[in-house]
Every structure is written in structure tokens, then in C-alpha cells.
Amino acid sequence: MSGPVIELQSVARRFGGIQAVRDVSLKLEEGEVVGMIGPNGAGKTTLVNCITGVHPATSGKVLFEGRDVTRQRPFEAARSGLCRTFQVVQPFPEMTVLQNVAAGALFGQKISRLSQAYDAAHEHLEFVGIDQFADMPASNLTLANRKRLELAKSLAMKPRVLMLDEVNAGLNSAEINGALDLIKKISDQGISIIVIEHLMKVIMTLSQRILVLHHGELIAQGDPRQVVNDPKVVEAYLGEKFAKRIMGNDHV
Amino acid sequence: MSEPLLEISGLTSGYGDVQVLWGIDIVVNAGEIACLVGSNGAGKTTLMRTISGICETTSGKVIFDGNDITGAPANKVLGAGIAHVPEGRRLFRGLSVRDNLMLGAYMRDDKSGVKEDLERVFDLFPILRERHNQDATTMSGGQQQMCAIARGIMSRPRLLMIDELSLGLAPNLVEDLAESLVEINRQGTTIIVVEQDVMTAFELAEHAFVVETGKIMKSGRTSELSDDPIIREAYLGM
Amino acid sequence: MSRYAVILFALWVVVLAATPFFAENYVVRAAIVIAMYSTMALSWNVIGGFAGYPSLATAAFVGLGSYVGAVSQVNGVPMVLAWALATLVVALVSLAIGALLLRLKGHYFAIGSIVLVELFRLIASSWSSVTGGGNGLNVPLLRWEPDDVGLFILMVMLALMILAFAMNVVVKNTRLGFGLQCIRQNEDAADMVGVNTTKYKVAGFMLSTILCGTVGAVYASWVGYIDPSESFQILLTLKVAVMALLGGAGTLLGPVVGAATFVILEEVVWVNFLSWNRAILGVLIVFLIFFLPNGILRTGAFSFLRSDGASGSKRA
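Residues numbered from 1 in each chain as written. Chains lettered and ligands numbered in written order. Predicted model: local features only at pLDDT ≥ 70, side-chain atom pairs only at ≥ 80, totals over all residues.

A look at the interface of chain B and chain A
Under the convention used in this document: Contact between two residues is assigned when their C-beta atoms, built from the backbone, lie within 7 Å. Working definition: helices are DSSP H or I runs of at least four residues, strands are E runs of at least two. Numbering for both runs from the N terminus. Here the nonpolar group is Ala, Val, Leu, Ile, Met, Phe, Trp, Tyr, Cys and Pro; Asp, Glu, Lys and Arg are the charged ones; every other residue, Gly included, is treated as polar.
Tallying the contact residues gives 25 residues for chain B and 24 residues for chain A. Taken together, the elements giving at least two residues each to the side of chain B that touches chain A come down to helix 6 (141-153) and helix 7 (171-186) of chain B. No other element matches helix 7 of chain B, which puts four residues into the side of chain B that touches chain A. A breakdown of the residues in the side of chain B that touches chain A according to their chemical character gives eleven nonpolar, eleven polar and three charged.

Here you go:
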């Protein structure tokens, strides 16, 4: 397949008087892992919402595999393989962990039989490492495990593009290593990934390219090492102390 | 010399049939900044909730400022001077930033003091002053975190407990927040933080408690613990 | 497990079906009423219980079914065919209206659905050339022995009740039911996981009205006379919702238990405390809210009946 799997052309989104995203153009190539960083309120989640139809772009175009999907509805995005996790986790509160993931298999992947969906759900739960909690109510999981659940649910939808919105928050530095392996394995399956994180360890380890969003605009993009040295990025996002920490050692 | 402000001994608690804390012993001195670190599921959040009265204490003792507050309901704990900033912020939806902050001061009756603290909090977090009329839950994650911490401060606590300080926050913001906490501490508030970024936690806090499987595995001055090879491997990922 | 529910339901149907053979006429009548309300409550369960959209439109479609059935019969259509026609018309109308109504959520949806009842009543009373307006409509009576009529109508209503139960079982165990439950628990998340929420809600709404239309048509044939205020009663629509909630919305047997409990209670109260009747209904609703907010079948004693296996409070 030639051409980028996702392309944004001058995408902008406003909410009433607030311009959350202004004139963002970017490409995601197939199989890439791209990191997206930026201060809170920069528009990262809004951008993902534009791509998945939750808050359609007020101007500009979103292309998925060459098709114009700017006006698609969220469920259409989900079914065509544009999947995302949520910063604020949204499980189905009265369902078990297994049922939550089965929902992804049933509707994202369009499996028609419940039993098949449950089997698929078990597989994905095993992959992310929480299959032992399958029959537990989803609302009883710890924060970090709820994020795992989000991940399993998205994988159950058989995504072509996966947008991970702070899926590692809540893990300590050592636990993150396990998460990194997981994401690498997902990438190895050919899924194109956008990782939104504040955990620079994740960003630096995984990203082939980094995009930096600030006040709704792309202020930098490119090679990770270059981007974290960019003074604009240091000022807007990293802070001097942190920038030193990243460049100083690899144990961010 | 520092007096113990919070003394916990043999604390056990959990959720229904599941015990999470298996005998916690902690002493936090007045004027300190202490941090709780540990694996996912170790019991740090449960510990905070047990202290603040959200979770039921099954046994043990919690002594705050000389008073036994073991098992006290949440409003009494707040009244005694402990403010808990929970994991996930839990701001009040539909209410403005200002209203959320004012609710933090709900139990106070010194109007001028409350006004003073509101100004103080706006100085610490200028974005909150800018957005004071906005629905608090429509702000970005980091801004909400600031609002939640500010809300905690509004009760003018002697002890401020923050669960997951840096969760979802940009690195430079974490830096700023840490500086704000140092300032708050300097003004007299004792602070306990749960923080997954152990490096940030150790820079901020003087004292650290390592929580694993519901018990305190290790504790000590952060300057010493950061040289401990076991800590370095398990938590600093080195 | 659902098996218990099916077995208990079957037993209950047998009990009701046997009433003409061992009990007095008023008991048979009560059995018919129980079967009717059970059908309506089970139908409501699809949109109100599974999908969480509290519809108060039941009376609109029962009344519509009554009128289509009655008008057809008056114009010479054979009785059973008239019932079928009523069912079809109700299905089409609810499809059309559902597409509009289900854009509303929560309280707005409830209010919109109640407006429907009034709207249909007004149409029925104004369109006198067809409906007889305020004078009502006389439906050709069944010219059999009263006991035979009673038996026949009971069997028909029981058949509808069985259909409504079957519909619940099928919906609950298929993708449609799963999707509706996702919608109830978190509609945005359902959307983002790939559920076409509009399509599912409209389907649920349609299913919740179809058998109500049939009940209306059968009722018209049984009673022989309908008029707008009788056929489009807000009280009916409220009772149906209360019954489902009383028994346990979203469960299979809940609406059945709720309907039976309510009707029996009403019979007892009506007979013994006539002037307190409405007050007792009010007290019941308040009791429900305070002590059984999730319905009778969701209390601990009945956990063996529930097939949603989420048990235990382990935190991990």
C-alpha cells in the first residue's frame, strides 16, 4: 500500500470561541510508531477526536488510506480500523473485564456470535496480561489495569491504526518496561501507532518520530533526539531540568 | 525539632473480602514532605483512602496531631486538618473552577481566610484564575490536577495528601507543581505524595516509604534510598 | 442462569393458563390482565431495561393498535387479520417516530415519549370520520359463550406474553442486546467501540412497541368498545414502566414478576380499599425508590436467577 495510512490536511477544530486545534498537517506512514507530546490543553486528545470522528474537524481534511473520512461518525471510524484508547478510561461499568473486551470484538471486528467474541476477548486479555481478571467487574481494577483493559478492548477491534492516549500513566519506571514490550509487539503486527504520553521514557524508547503540539499547532516534528533539544520544545513542554535528564542518561 | 504529625501503627484495611493493607507502620513529622512509592496495586491509594476515611479501617491506629482519628468518617478527618487529593482528580462536574475551589473550603467559617487562600491558590496556579468561571471538568487533565490540588489547599490543611501527583502532566508542569508544593510546605503544610515517577518523588520528598503488598518494605531518607541498589533496580528502572 | 428463568416462566404460564379450569371468572379476568401487562412490561424492558431509555410511549402504541384493529374490524377485516394489521402499522409508525425521538436522551426522551401519548389521543379524538372521535368506536363482538371468550382471549394474551418473553431472551443473548446494554452503560463508549447507536436504539424502540400494538388490538376485540381517553391513558404507560422497574428492569423475569405483583396488589387493594387505590400506587412507587431501587429480582435473595456472572469484589 502506497501513501500514508493517515493524512491530516490543515485540520482545525474550534469549540465556540476556543480554537483547540489550528492548521495541523501531518502524515502517518504504515507501520510507523509516532510519539505525540505537548503541554496539557495543547490539543493532542482533540486531534485524536478529529481523526476518529468524535469531534469532527471544523476545517481541513482527514484522510484514512486515501479516503476522506473527515465527516465520519465514531462508530464508523472504529469499524474501519481507526482505534484509540482514552485518557480518562471509559469502561462499561457494570460489565466484567471480559465483557468489556468482547464489546470491542463484537462491534469493532463485527463478530456476530457472543461466544466467539468471548474467545477473542480472552486472547486479547492474555496478550496484555490481565486475563486472570477476566470475570471481575471492570470497575474494580486499579487504574493501571484499567488502562490495560482499554488497550485490550482496542486490540479486539482489530485496528489498523492505534492511537494510545496516555495508556501508561500510573505505572512506575520499572513497570513501564513491560508496557514498552507490549507496544513493540503490537507494532510488530503491522499496526501503525500514535503514542500520546507525558512519560518521556516511553516516547524516547518507542518513537521513530516525535510530533510536538502546543496551543493547537505543531511546533516541531522529526527525529526524537533533535526534537527534545529544540529550545521551543524545552520551553513549552519539557522544562530545563527534564531536558537535561533525558539527554543525560537513558533512564528517564 | 520536628514532632510526629501522623503516626500510623498496624493499619489494616481492604475492600469487602479482600484485604489490601496488612499492617502499615508510618511516622510523618510535621513540616516534612514524604513520598509513598511502590508497584501498581501495592496499596498506596488504599492507604491514603484509609487515612482519609473513604475506606474502612479494620484494625490498627491512626494518630494525627496527638488525636486518635482511627476509623473516623471522611468529614471528621478533613475537619481534623487532613486534605486528600484523590487519584483521578474527581472534580465536580458542572461546577466552575471557582466553585470547586470554594467547596474545598466548605467546612471553614473564616470568610476572610478563605478569600486569602483563594488568592494564594490563584497565585500558585495562574491558569485557574484565568479559567475560574469555566466548568472545571472541561479543562485539560493537567489543569484539572492543579484545580484538585488547589481544592485540597483551600481547606487549609495541616497535612496535604496527594495521590498520583504527576499523572498525565507535562514534565515542565510537574517541575512547576513540585516547586509549588515546596512553597506550600515552606508555608507550613506537611505533605505526603504518592508518585509513580520515583525520580521526581525523591527530588521532592525528604522521606520515602516503599509500599509493597500492603506493607512498608523500606523507609528512609530519600537521599540514602536513592543510592540503594535494590531501589534503583525495582523503582528507578536502572 | 437463564435456564431457571425460562423454567419459572413456563410454570407461571401454565398456572395462568389453568385458571379457567379451576377458578372463578374474576380470577380468569385477572389472569388476562396479568398476561397483558406482562407483555407490555416485557416489551418495555427492551428499550427501558436493556437500553436504559425510559420510554413512556407504551400507551401511545397500545392505543394505536386498538384503533387500527378496531377500525379494520369495523370495516369488515376478519379479527385475527385485524390484529396482524395493527401490529404491522405499529411497527412502521414506531420505526418512523423512533428515528426522530431517539435523538433525545434521558429525561428529554421520557418527556418526548409521553408527548406521543397525548398526540395520538388528540389525533384519535379529532379524526372522527375514521375513529368516531370522542364518541368512541364499537367493535364487532365475539359471539361466543362468555366463558369461551374468556378462555380464548386468555390464550391469545398468554401467547403474546410468551412471544414477548422469547423476544427478551433472544435480544439478551445476541449482539443486539449486548449493544443495547453498552448503550445504557456508556453511550459514548458504545459509539467508539463500533456500535451504530442510532440503529440499535431505533431497533430496540421498535421491538418495544410491536407487541403492545397487538395487545391493544386484542383488547379492543375483547372489550368491544374503545374511545380516545380509555385507549391512550398516561396512567397505563406509567404503570407498565413501574411494573418493569418493580420487578427488575433489564432482567428476564423482572417485568413478569413486577406485572404480577402489581396487578395482584391492585386487585387486593381495589377490592378492599377502593378509595385508597391511587394513594396506594403512589406509596408503592415511593417504596420502590427507597427500598428496591433496582427491583425485586436484583436483591440478594434472587442472585441465582441472574445470568450476569460478575461476582466478587476482588480488587486487582
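Read on, since the account is not over.
So, unusual backbone geometry
Going by this rule: To sort residues by burial, count the other C-beta atoms lying within 10 Å of each one's C-beta; a count of 20 or more means buried, 12 or fewer means exposed, and anything in between means partly exposed. C-beta atoms are built from the backbone.
Residue Asp23(A) is not a glycine yet carries a positive backbone phi of 50°. What makes Asp23(A) partly exposed here is the crowd of 15 C-beta atoms within 10 Å.

Concerning the pairing of strand 6 (residues 82-85) of chain B
Residue and element names in this part refer to chain B. What counts is decided by this rule: A pair of strands counts as paired when DSSP detects no fewer than two bridges linking them.
On strand 6, burial covers both faces: Ile82 and His84 on one face and Ala83 and Val85 on the other are all buried. For strand 6 and strand 7 (residues 159-163), the ladder comprises four bridges, and the chain directions are parallel. Counted as the bridge partner of His84 is Met161 from strand 7.

Structural notes on the domain arrangement of chain B
Residue and element names in this part refer to chain B. Filter applied, for reference: Where each domain starts and ends comes from a domain assignment, either automatic or drawn from a database.
Annotation of chain B at the domain level lists domain 1 (1-81 + 159-165 + 191-238) and domain 2 (84-156). With centres defined by C-alpha atoms, the gap from domain 1 to domain 2 works out at 24 Å. Domain 1 puts ten residues into the contact, and the matching count from domain 2 is nine residues. Elements supplying a minimum of two residues to the side of domain 1 that touches domain 2: helix 1 (44-52), helix 2 (74-80) and strand 7. When residues in the side of domain 1 that touches domain 2 are grouped by element, the largest group, four residues, is from strand 7. Considering only residue class, the side of domain 1 that touches domain 2 consists of five nonpolar, three polar and two charged.

Focus on the environment of Leu151(C)
Here Leu151(C) is to be found in helix 7 (residues 146-172). Looking at Leu151(C), the number of C-beta atoms within 10 Å reads 18, which means it is partly exposed.

Focus: the packing of helix 12 (residues 234-247) of chain C against helix 13 (residues 254-272) of chain C
Residues and elements named next belong to chain C. Short version of the rule: Fitted lines through C-alpha atoms serve as axes, helices being fitted only where they are in contact, and the angles separating the N-to-C directions of these axes extend from 0 to 180 degrees. The handedness criterion is simple: a crossing whose near helix is rotated anticlockwise from the far helix by less than a right angle is left-handed, and one whose near helix is rotated clockwise is right-handed.
Packing of helix 12 against helix 13 leaves a shortest axis separation of 6 Å and a crossing angle of 115°. Read as a crossing pair, helix 12 and helix 13 show a hand that is right-handed. Residues Lys239, Val242, Met243, Ala244, Leu245, Leu246 and Gly247 of helix 12 pack against Gly254, Pro255, Val256, Val257, Gly258, Ala259, Thr261 and Phe262 of helix 13. Per-class residue counts for the contact of helix 12 with helix 13 are ten nonpolar, four polar and one charged.

Examining the sheet that holds strand 5 (residues 67-68) of chain B
All names here are of chain B. An order of 2-1-4-5 is seen for the four strands of this open sheet, with the pairing classed as antiparallel. Since the sheet does not close on itself, it has two edges, and those belong to strand 2 (18-29) and strand 5, each with one partner. Where strand 1 (residues 4-15) meets strand 2, nine bridges bridge the pair, whose relative direction is antiparallel. Across the sheet, residue Leu11 finds its bridge partner in strand 2, namely Ile24. Its contacts with the sheet put helix 1 on strand 1, strand 2 and strand 4 (57-64), and the angle it makes with strand 2 is roughly 70°.

Details of helix 1 of chain B
Residue and element names in this part refer to chain B. Judged by how many residues are buried, helix 1 sits mostly within the fold: nine of nine residues are covered. Taken as a whole, helix 1 has its buried residues at Lys44, Thr45, Thr46, Leu47, Met48, Arg49, Thr50, Ile51 and Ser52. Following helix 1 by one or two positions, Gly53 adopts a phi angle in the positive range, close to 95°.

Section: the sheet that holds strand 8 (residues 192-196) of chain A
Residue and element names in this part refer to chain A. Taken together, the six strands give an open sheet; going across it, the order is 6-7-8-3-9-10, and neighbouring strands pair in mixed fashion. With one partner strand each, in any of the chains shown, strand 6 (82-84) and strand 10 (217-222) form the two edges of the open sheet. Taking the axes of each pair of neighbouring strands and ignoring which way they run, one obtains an average angle of 20° across the sheet. Relative to strand 7 (residues 161-165), strand 6 is paired through three bridges, and the arrangement is parallel. Along strand 7, the bridge assignment pairs Leu82 with Val161. Relative to the sheet, helix 1 (residues 44-51) contacts strand 3 (33-37), strand 6, strand 7, strand 8 and strand 9 (209-214), its axis offset from that of strand 7 by approximately 150°. On top of the sheet, helix 9 (residues 231-248) reaches strand 3, strand 9 and strand 10; it is set at about 125° to strand 10, its chief contact.

Some words on the domain arrangement of chain A
Residues and elements named next belong to chain A. What the domain assignment reports for chain A is domain 1 (1-81 + 159-252) and domain 2 (91-157). For domain 1 versus domain 2, the separation of C-alpha centres amounts to 24 Å. Looking at the side of domain 1 that touches domain 2, its residues break down into seven nonpolar, one polar and one charged.

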